[in-house]
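Letter by letter, the chains look like this.
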Amino acid sequence: MFVAPVNTESLLAQAQAETLYLNLIEQINKDFNLANEGIDFPLSISPNELKIQLHEKIYRMIQYKFAEYLNLLYIIDVPENEIKKLDGSDLVILAEQVSFLILKREWQKVWFRKNY
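A brief look at the structure comes next. The structure presented is a predicted model; accordingly, all values stated were derived computationally and were not measured.

Some points on the overall build of the chain
Summing up its helical and strand segments, the chain has six helices and zero strands in all. Listed by position from the N terminus, the elements making up the chain come as α-α-α-α-α-α. Taken over C-alpha atoms, the radius of gyration comes to 13 Å for the chain, in line with the 13 Å a tight globule of 116 residues would show. Taken along its principal axes, the extent of the C-alpha atoms in the chain is 35 × 25 × 25 Å. Across the 116 residues that make up the chain, the buried fraction comes to 41%. Of all intrachain contacts in the chain linking residues separated by at least 6 positions in sequence, the fraction that spans at least 24 positions is 66%. Summing over all exposed atoms, the chain offers an accessible surface of approximately 6600 Å²; the carbon and sulfur share of this is 54%. Of note, the chain has its 12 positive side-chain charges centred 5 Å away from the centre of its 16 negative side-chain charges.

Shown next as structure tokens:
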């Protein structure tokens, strides 16, 4: 049964424990490219570096490419109700929370593909 992780660290640890970390990176790269937001995380990227670079990318998109950011959330299929719950007063914190929601949704896709 799928159990949603509570934070980014536990999500990435779970992906590594289930040997699905590479699949997670591939899924992120695939969905970003579908949204025409070229991103190419190498498969050798560390979990911490992935978290940092994804956060920076989302932060820049919110600031400078908002329409593309919304399109990305749509393509990845991040639940709209979860986005609406976030407090947008601090962009750095918002970008971190959105990065987690993206990782959570991508992890869900990878996990279900393996298990069903």
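Structural notes on the packing of helix α1 (residues 8-17) against helix α3 (residues 47-64)
The N-to-C vectors of α1 and α3 enclose an angle of 135°; their axes lie 10 Å apart at closest approach. Put simply, α1 runs oblique to α3. Where α1 crosses over α3, the two elements pack in a sense that is right-handed. Residues T8, E9, L12 and Q16 of α1 form the contact with α3, whose own contacting residues are P47, L50 and K51. Per-class residue counts for the contact of α1 with α3 are three nonpolar, two polar and two charged.

Cut-off values and rules
Residues numbered from 1 in each chain as written. Predicted model: local features only at pLDDT ≥ 70, side-chain atom pairs only at ≥ 80, totals over all residues. Heavy atoms only, no water. Helix = DSSP H or I, 4+ residues; strand = E, 2+ residues; numbered from the N terminus. Rg over C-alpha atoms; globule rule 2.2 N^0.38 Å. Buried < 20%, exposed > 50% of the residue type's maximum accessible area, 1.4 Å probe, protein only. Contact = heavy atoms within 4.5 Å. Areas by Shrake-Rupley, 256 points an atom, 1.4 Å probe, with all protein chains shown as cover. Lys, Arg positive; Asp, Glu negative; His and termini not counted. Charge placed at Lys NZ, Arg CZ, Asp CG, Glu CD. Axes fitted to C-alpha atoms, helices over the stretch in contact; angles between N-to-C directions. Parallel < 35°, antiparallel > 145°, perpendicular 65-115°, else oblique. Left-handed = near helix turned anticlockwise from the far one by under 90°. Nonpolar A, V, L, I, M, F, W, Y, C, P; charged D, E, K, R; others polar.

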